[in-house]
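Each chain, letter by letter, is given below.
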Amino acid sequence: MEKIKTNYSRRSFLKSTALAGGGLMISFSLVPEFLLAAKKNGTDLPGQWIELTGYVKITPDNNIKIICPNPEFGQNVMTSLPMIVAEELDVDWKNVIVEMGPHDNVKYGPQFVGGSNSMRMYWKPLREAGAAARHMLVEAAAQTWGVPVEEVTTKAGMLYHEKTGKSGKYGDFASKASAIPIPKGIKPKDLKNLYLVRTSRKNVEGLNIVTGKPLFGLDYTQDGMLIAMIHHPPAFGMKLKSFDASETLKMPGIKDVFNIKLYDEGSELGGFDIRTFNDLLVVVGNTTWEVMNARKKLNVQWEAAGETKETHNMFGRKMEVIIPGALESSDSSYKMMMERAKEPATLLRKDGDPETAFKNAAQVIERTYNGPFLPHNCMEPMNFFAHVTDEKALLAGPLQAPGWIEPTLSKVLKMPPDKIEIRMTRMGGGFGLRAYGHYLAEAALISRQIKAPVKLVYSREDDMTYGIYRPLYTATYRAALDANKNLIAFHVKGGGMPEHAIAANRFPAGAVDNYLAEGWELPSNVTVGAFRAPRSNFNAVAEQSFLDELAETMGRDPIELRLSLLKRAKENPVGKNNDYDPDRYAAVLTMVKEKSGWNNPEHKKYSRGVAAYFCHNSYAAHVVDIVKRDGQPYVERVYSAIDCGIVINPDAAANMVQGAVVDGIGNSFYGGMILREGVPEQNNFNRYRMIRFREAPKKIEVYFVQNDIDPTGLGEPPFPPVFGAVANALYKNMGKRFYDQPFNKDFSDGVNLKPQRKA
Amino acid sequence: MATYNLKINGQTKQVDVDPATPMLWVLREHLNMPGTKYGCGVAMCGACTIHVNGSAVRSCQLPVSAIGTSEITTIEGLSEKGDHPVQKAWIELDVPQCGYCQAGQIMTAAALLRTNPNPTDAQIEAAMNGNLCRCGTYLRIKAAIKSAAKQV
Ligand code: FES
Ligand code: FES
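These numbers were taken from a predicted model, which means no experiment stands behind them.

Engineer: Where do I start with the overall build of chain A in this structure?
Structural biologist: The number of helices and strands found in chain A is 18 helices and 30 strands. Here the C-alpha radius of gyration of chain A, 27 Å, is about what a compact globule of 759 residues would show, namely 27 Å. For chain A, the spread of C-alpha atoms along the three principal axes comes to 85 × 70 × 50 Å. Counting only residues that meet the buried cut, chain A has 65% of its 759 residues in that class. Look at the contacts in chain A between residues 6 or more apart in sequence, and 77% of them connect residues 24 or more apart. Carbon and sulfur atoms make up 49% of the accessible area of chain A, which totals about 26400 Å².

Okay, structure coming up:
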């Protein structure tokens, strides 16, 4: 067994960041400096954009442009964030042009997509930004007309003064308004007066998408651009020893083959500077096809990387991390984890006296759940454009967190941040992976080396076998019942490689008198990272399956048991720091119960499973209905109830929930990367099974709790409980419990892949 | 290297490429038509779907040398203004999330409706099963195909 050299497993930063979810919230307020930055004053030329605030530009002929601050990866922020500005600005949505903003953390705030943060982070600042711009226009009109500001009204891009009958377009006053200082503290409108937010608006990029416009990173091109690909080692724990590129260099279109280091020896890695391989073997040529082919002709010797040491700086917390050298296999890793699980672990939370309660219990149930590495498999493989000269660096492509990679780029290029420009293209998916910017640094270094604009392209195989997966997880749950089948104690002990998933203050913490949560970790050389609702996407299946089994053992209805525990957590909470709101939690369960007709005999042809979860500040519950189709379980219908506070764009929000449901079914049924001696066994969609059209449910009904709570995020929360609801419905359908993902290894329908993970 | 005169979206385009080059890369990198997407390169995702004489074909597996006089249609040429019934239905039902797979989905759907203007659910499933959508927009795709079917 590997010797554990450090308490800090590598890359265990997930919990300390916004990506991990829970109560953490990134917020910023719009200080006037933001708005004033780069503000240009007036012009009266038609067609000329006049900047009112950083977010709003208007032409004299009344075209309205709103800047979207946050990158887009399918969560529809390019539509919904500008809607918030437009609402307060009071313009007709159909006249609004939306533009993706440049990377500028001063002007546009954090510009970070992840942790279901976009709406939560930008709701208030964007309301302020829209209201401020409107106020400037009102003031400009009042000055021009010589009337009191309070008497000027607006509607749909027009200004009015009722008493004098005067009116004018925003464009008429844009120039004058732009000279007015941006006001502070303008109150956004009352929620009951919203006319745009809370109505369904179509994706502003819809036409561009359906006509195949070049929106994505892989579509980005520039004159003289070359294509680069990295040939990475075949296994985690290996590195480049030597290579002979003579055959490759003879191939048509090939410019160069070289070897560079990504980060300097001993350099300090920031929180999102994860990279799997540091020694890069790079092939550069004219076109992707030529580079792909020529790369196959490389003659490369790899060697074991051995144990290595890294210095990490996790947002100010410095640590030395030892990365083990062994070539890991999934089955032996699981064995190691099962051994480690028997040892003592770190105490995460304790209420009451769980040891005694378990000792005195009339009945104890104990179950262990396992989850595999999961690759993100974004539809658009990783890629980035870079053009680095001595004077400046231009980077363009798909990424979730430009602000986090910029300091890294500055460090590897030894260039001040103000000489680095990052342009954000639309992303063909992200799911957490594009928060890690190694591929930008790679592209930048390659461009500098070959002194040309270059696009770094990962093939699907490169992308899938590179790592930054969801960690390998396990968790054992125990419950103690008294002679009357009352729940008297609850214990969870979770572990992982290289980190565990346990969120100690989540439900049912707070609802049980005697509660114990523990965690342990084993180091690994497999890189891991945020995967849509990190940690929660494992907890929700383990905990929610366990509660289902517990309810059955106690002779209770699974929804009713959860509701009674939530009632306890509300009325007489146990312990401190419970991170959920029992009322909101109970509300989604009650809603899904009603909408699905839970317990209604008319649904008895279905095997029904329920689960609910709280993460990333929002609440989600699903009822999953399974039938047998061609002898195999098939999720035919799903009912979803969500509380994410105010829903900005309801139909787009429903689309995202439906997508999360499909994603959850797919990953719970089929998801799992298997390693053998460090080698990922699946490297493309012919070997890695993804949910397909025919396996998607026929119906997913989405319901949102209506309330006036500021938006609390939606990209991730609906995803984790899908796994749990699927597991619970599968039990009803198959007559056995499902403890290990992917579930289909126990009912393989023979299409592909029957992973045999556990020894 | 060899020279090919290809009929693409009603125009003749000349390229000088290696005969084995898949149409996917000819379109994307030689003809500057990046609407056709790379997703897997092994005919397992459908992102690269184009029409060859009206039928849906995975362009990542189609060498340029095999085209001959066939008529190629790509997403850029499916309609002049993005108003093919399938494209209109896609917008109407707000199908895309990230959008990366959607050109391929639309091309597969358009080819289906061309030969079968009134497909059953099973026929839609069979036609669309080779197109992956990582964002999980399958339900909306199905609804959009049914809606478009009423228009073609
Ligand atoms: S790229 Fe051709 S099918 Fe995936
Ligand atoms: S919309 Fe993102 S992959 Fe289909």
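Engineer: Help me understand the packing of helix 4 (residues 121-128) of chain B against helix 5 (residues 138-149) of chain B in this model?
Structural biologist: The angle between the axes and the distance between the axes are what describe a pair of packed helices. All names here are of chain B. Their axes nearest at 11 Å, the elements helix 4 and helix 5 cross at an angle of 120°. If you check the angle between helix 4 and helix 5, you find them oblique. Crossing handedness for the pair helix 4 and helix 5: right-handed. Across the interface between the two elements, D121, I124, E125 and M128 from helix 4 touch I141, K142, I145 and K146 from helix 5. A class-by-class count of the residues in the contact of helix 4 with helix 5 yields four nonpolar, no polar and four charged.

Engineer: How should I be thinking about the domain arrangement of chain B in this particular structure?
Structural biologist: A common way to express how large an interface is: the accessible area buried when the components associate. Residues and elements named next belong to chain B. Domain parsing of chain B yields domain 1 (2-77) and domain 2 (85-151). Look at where the C-alpha atoms of domain 1 and domain 2 centre, and you get two points 21 Å apart. Between domain 1 and domain 2, the contact holds 18 residues from the first and 13 residues from the second. Across the domain 1-domain 2 interface, the total number found is zero salt bridges. Joining domain 1 to domain 2, the criterion identifies six residue pairs in polar contact (both at pLDDT 80 or more). Residues that form the side of domain 1 that touches domain 2 fall into these classes: seven nonpolar, nine polar and two charged.

Engineer: What exactly am I supposed to notice about helix 1 (residues 23-30) of chain B here?
Structural biologist: Residue pairs three or four apart in sequence face the same way in an α-helix, which turns once every 3.6 residues. All names here are of chain B. Where burial is concerned, most of helix 1 is hidden: six out of the eight residues are buried. Within helix 1, the full set of buried residues consists of M23, L24, W25, V26, L27 and R28. Downstream of helix 1 by one or two residues, N32 has phi in the positive range, about 55°.

Engineer: Whenever I open this one, the pairing of strand 4 (residues 96-100) of chain A confuses me. Can you help?
Structural biologist: Each regular strand carries side chains that alternate between the two faces of the sheet. Residues and elements named next belong to chain A. Burial along strand 4 is one-sided: the face carrying V96, V98 and M100 is buried and the face carrying I97 and E99 is not. Sheet topology places strand 3 (residues 64-68) next to strand 4; five bridges connect them, and they run parallel. Paired with K65 across the strands is I97, a residue of strand 4.

Engineer: Would you take a moment to explain the interface of chain A and chain B for this structure?
Structural biologist: Taken together, the contact between chain A and chain B spans 60 residues of the former and 53 residues of the latter. Where chain A packs against chain B, one counts five salt bridges. For R140 of chain B, the salt bridge identified is with D651 of chain A, shortest N-O distance 3.1 Å. Across the chain A-chain B interface, the total number found is 23 residue pairs in polar contact (both at pLDDT 80 or more). Within the residue set of the side of chain A that touches chain B, elements represented by two or more residues are helix 6 (206-210), helix 8 (288-295), helix 13 (460-464), helix 17 (650-670) and strand 30 (699-704) of chain A. Tallying contributions element by element places helix 17 of chain A first for the side of chain A that touches chain B, with nine residues. Its residues assigned to classes, the side of chain A that touches chain B comprises 27 nonpolar, 19 polar and 14 charged.

Engineer: Even after reading the chapter, I still don't get the domain arrangement of chain A, so can you show me in this structure?
Structural biologist: All names here are of chain A. Domain annotation for chain A reports domain 1 (44-201), domain 2 (217-310 + 382-457) and domain 3 (472-753). Taking only C-alpha atoms, the centre of domain 1 and the centre of domain 2 are 39 Å apart. At the interface, 14 residues of domain 1 touch 14 residues of domain 2. Overall, the association of domain 1 and domain 2 removes approximately 1100 Å² of surface from exposure, summing both partners, and the carbon and sulfur fraction of that is 63%. Run the count over domain 1 and domain 2 and you get zero salt bridges.

Engineer: Any chance you could explain empty space enclosed by the protein here in plain terms?
Structural biologist: Over the atoms a probe the size of a water molecule is rolled, and this reveals where empty space is left. All names here are of chain A. Following the criterion strictly, the structure yields nine cavities of 30 Å³ or more and no others. Empty space within the largest cavity amounts to approximately 550 Å³. If you go around the largest cavity, you meet 39 residues; those closest to its centre are F73, Q75, M656, L714 and G715. Mapped by element, the contributors of at least two residues to the lining of the largest cavity are helix 2 (77-89), helix 4 (118-145) and helix 17.

Engineer: Explain the sheet that holds strand 3 (residues 49-52) of chain B here, please?
Structural biologist: Strands in a sheet are paired, the pairing made by backbone hydrogen bonds, and the direction either parallel or antiparallel. All names here are of chain B. Pairing in this open sheet of five strands is mixed, and the strands run 2-1-5-3-4 from one edge to the other. Pairing within the sheet leaves two strands with one partner each, and these edge strands are strand 2 (11-17) and strand 4 (55-58). In this sheet, adjacent strand axes meet at a mean angle of 45° when their direction is disregarded. By the bridge criterion, two bridges tie strand 3 to strand 5 (residues 71-73) in an arrangement that is antiparallel. Following the sheet pairing, H51 is matched in strand 5 by T73. Helix-sheet contacts for helix 3 (residues 102-115) involve strand 3, strand 4 and strand 5, and the interaxial angle to strand 3 is about 35°.

Engineer: Can you walk me through helix 2 of chain A in this structure?
Structural biologist: Between the first and last C-alpha of helix 2 of chain A there are 18 Å, a value that for 13 residues agrees with the 18 Å anticipated at 1.5 Å per step. Within two residues after helix 2 of chain A, D90 of chain A carries a phi angle of roughly 70°, on the positive side.

Engineer: I keep staring at the confidence of the model for chain A and nothing clicks. Help me out?
Structural biologist: Detailed reading of predicted coordinates is not advised where the pLDDT is low. On average, residues of chain A carry a pLDDT of 92, and 93% of them reach 70 or more. In the predicted structure, residues 750-759 of chain A sits below a pLDDT of 50 and forms 30 contacts with residues beyond four places in sequence or in another chain.

Engineer: What's the story with the sheet that holds strand 5 (residues 152-155) of chain A in this structure? I'm lost.
Structural biologist: All names here are of chain A. Spatially, three strands are ordered 5-6-7 in an open sheet, and the strand pairing comes out antiparallel. Either end of the sheet is taken by a strand with one partner, and the two such strands are strand 5 and strand 7 (166-169). Geometrically, the sheet is characterised by an average inter-axis angle of 20° between neighbouring strands, direction not taken into account. Pairing geometry for strand 5 and strand 6 (residues 158-161), over four bridges, is antiparallel. Looking at the pairing, T153 lines up with Y160 of strand 6. Sheet strands touched by helix 5 (residues 170-178): strand 5, strand 6 and strand 7. Its angle to strand 7, the strand with the most contacts, is close to 80°.

Cut-offs and rules
Residues numbered from 1 in each chain as written. Chains lettered and ligands numbered in written order. Predicted model: local features only at pLDDT ≥ 70, side-chain atom pairs only at ≥ 80, totals over all residues. Heavy atoms only, no water. Helix = DSSP H or I, 4+ residues; strand = E, 2+ residues; numbered from the N terminus. Rg over C-alpha atoms; globule rule 2.2 N^0.38 Å. Buried < 20%, exposed > 50% of the residue type's maximum accessible area, 1.4 Å probe, protein only. Contact = heavy atoms within 4.5 Å. Areas by Shrake-Rupley, 256 points an atom, 1.4 Å probe, with all protein chains shown as cover. Axes fitted to C-alpha atoms, helices over the stretch in contact; angles between N-to-C directions. Parallel < 35°, antiparallel > 145°, perpendicular 65-115°, else oblique. Left-handed = near helix turned anticlockwise from the far one by under 90°. Nonpolar A, V, L, I, M, F, W, Y, C, P; charged D, E, K, R; others polar. Domains from an automatic or database assignment. Salt bridge = Lys/Arg side-chain N within 4 Å of Asp/Glu carboxyl O. Polar contact = N/O pair within 3.5 Å; in protein donor to acceptor, adjacent residues only side chain to side chain. Pairing = 2+ DSSP bridges. Buried area = accessible area lost by both parts, 1.4 Å probe. 1 Å grid on protein atoms, 1.4 Å probe; cavity = no way out; pocket = protein on both sides within 12 Å on 5 of 7 lines; lining within 4 Å. Points joined across faces, edges and corners; volume = space filled by probe spheres on them. Expected span 1.5 Å × (residues − 1). pLDDT = per-residue confidence, 0-100.

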